[in-house]
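# Chains, contacts and geometry: an overview
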Amino acid sequence: MTEPRKINVMISSRVQSRFRDANTRKQVTLGAARAALKAALEAELLFGQPLFEVWLSDDPEDQSSGRTEPALEGSLKQVRAADIVLVLYNGEAGWAFPNHTRGICHLEFLEAWNKERPKLGIVRIGSPIKSKRKSAAPQDAAKAQAEDERDKAFRQDVEEHRVPISASAGSVEEIVAFGKLKVREIAVELLVLGRLEASRAAYSEGAPLDWSRLDFARRKQQMEDAIGTYLEKVELNPIVKGLPQGHVRTLSPGAPV
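Residues numbered from 1 in each chain as written. Predicted model: local features only at pLDDT ≥ 70, side-chain atom pairs only at ≥ 80, totals over all residues. Heavy atoms only, no water.

## Regarding the nonpolar core
Ranked by internal contacts, the top residues of the largest apolar core, which has 23 residues, are Val-85, Phe-109, Leu-120, Ile-122 and Phe-154. Listed by contribution, the elements that provide at least two residues to this core are helix H2 (69-81), strand S7 (84-89), helix H3 (104-115), strand S8 (120-124) and helix H4 (138-161). When neighbours within four sequence positions are excluded, Phe-154 is seen to be in contact with Tyr-89, Gly-91, Glu-92, Ala-93, Cys-105, His-106 and Phe-109. Formed by 22 residues, the second largest nonpolar core is a distinct cluster that contains Val-9, Leu-30, Leu-37 and Leu-88. (Core = buried A, V, L, I, M, F, W, Y, C linked by side-chain atoms within 4.5 Å. Buried < 20%, exposed > 50% of the residue type's maximum accessible area, 1.4 Å probe, protein only. Helix = DSSP H or I, 4+ residues; strand = E, 2+ residues; numbered from the N terminus. Contact = heavy atoms within 4.5 Å.)

What follows is the structure in structure tokens.
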């Protein structure tokens, strides 16, 4: 019997960065938190079979010196290969490869956003603890400034792109809970998108064929009914059907168009 295919989830985050757990009041690394999330996701079953396979980078940030371009491409290749990319977001872009002005977490985020946006989700980490800088040497000051600029660029991209972000997770328990919920939301969304793509493949039969048999007046009515039905799903108390020709309906802020 062939082994069932699993949904591949990549968790993108810093490793050594810390936050204060709201439950225990102890400092916890993101590496420990994402390991707990990985275990929880891989324990989920569907009809008695494991559903998710989770990939984590095992390279801590303090080993970033001397990293090469092939290593960067390997990380981005994993983003492309994943079915779902989940970002544990604490505002830190991560270390940068030579000749790059963006951190590794930022680059992984952009790779998913630019190429396969529906598979991207973000869990916001609350109470991050910024690492203390031990030296005031000029070279260390320049390194710190470059790191701050990378973080600022990452935060700006996340906010400007308006990616749906979870509520702030203040503990390992909440990171696991919010992460599982976000993965579920993405999996359902991807399933719906896949079903729509499958329906488009059957253009020579079914609804598309029926559409081709309609005159222009009937097509107009079909389009108005379809838009009205859609708006009823995304708007509370909509008034969208039977409106006079030329009426403009304004959606509430945040509603999909």
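## Quick word on the packing of aromatic side chains
Under the defined criterion, the tally for this structure stands at 3 aromatic pairs. Geometrically, the ring pair formed by Tyr-89 and Phe-154 is edge-to-face, given 5.3 Å between the ring centres and 80° between the ring planes. On the criterion of sequence distance, the pair formed by Tyr-89 in strand S7 and Phe-154 in helix H4 is long-range, its members being 65 residues apart. Taking the relative accessible area as the measure of exposure, Phe-154 reaches 2% and is therefore buried. An aromatic cluster of at least three residues, connected via ring pairs, comprises Tyr-89, Phe-109, Trp-113 and Phe-154. One cation-aromatic arrangement involves Arg-117 over Trp-113; the distance from NZ or CZ to the ring centre is 3.9 Å. (Phe/Tyr/Trp six-rings, centres within 6.5 Å; stacked < 30°, edge-to-face > 60°. Lys NZ or Arg CZ within 6 Å of the ring centre and 35° of its normal.)

## Points about the sheet that holds strand S1 (residues 7-12)
As summarised here, the arrangement of the 4 strands in space is S6-S1-S7-S8, forming an open sheet in which the pairing is parallel. Only two strands of the sheet have a single partner each, and these edge strands are strand S6 (52-56) and S8. Between one strand axis and the next, the sheet turns through 25° on average, direction left out of account. Bridge analysis of S7 against S8 gives 5 bridges, and the strand direction is parallel. Paired with Val-85 across the bridge in S8 is Leu-120. Taken strand by strand, H3 contacts S1, S7 and S8, and its axis lies near 140° from that of S8. (Pairing = 2+ DSSP bridges. Axes fitted to C-alpha atoms, helices over the stretch in contact; angles between N-to-C directions.)

## Some thoughts on the pairing of S7
One face of the sheet, then the other: side chains in a regular strand alternate in exactly this way. Of all 6 residues in S7, 6 are buried; the element is thus mostly enclosed. Here S7 shows no split at all, with Ile-84, Leu-86 and Leu-88 on one side and Val-85, Val-87 and Tyr-89 on the other all buried. When S1 meets S7, the two strands line up parallel, connected through 4 bridges. When the bridges of S7 are listed, Val-9 appears paired with Ile-84. Tracing the backbone out of S7, into H3 and back to the parallel element S8 gives a crossover that is right-handed. (Right-handed = clockwise from strand over helix to strand, strands pointing away.)

## Remarks on the sheet that holds strand S3 (residues 27-29)
Taking strand neighbours across the sheet as the criterion, the 3 strands line up as S3-S2-S9 in an open arrangement whose pairing is antiparallel. The two strands at the open ends of the sheet, each matched to only one other strand, are S3 and strand S9 (128-129). Pairing between strand S2 (residues 18-20) and S9: 2 bridges, direction antiparallel. Bridged to Arg-18 within S9 is Ile-129. Packing of helix H1 (residues 30-42) onto the sheet brings it into contact with S2 and S3, and relative to S3 it is tilted by some 65°.

What is shown is where atoms sit, not what they do.
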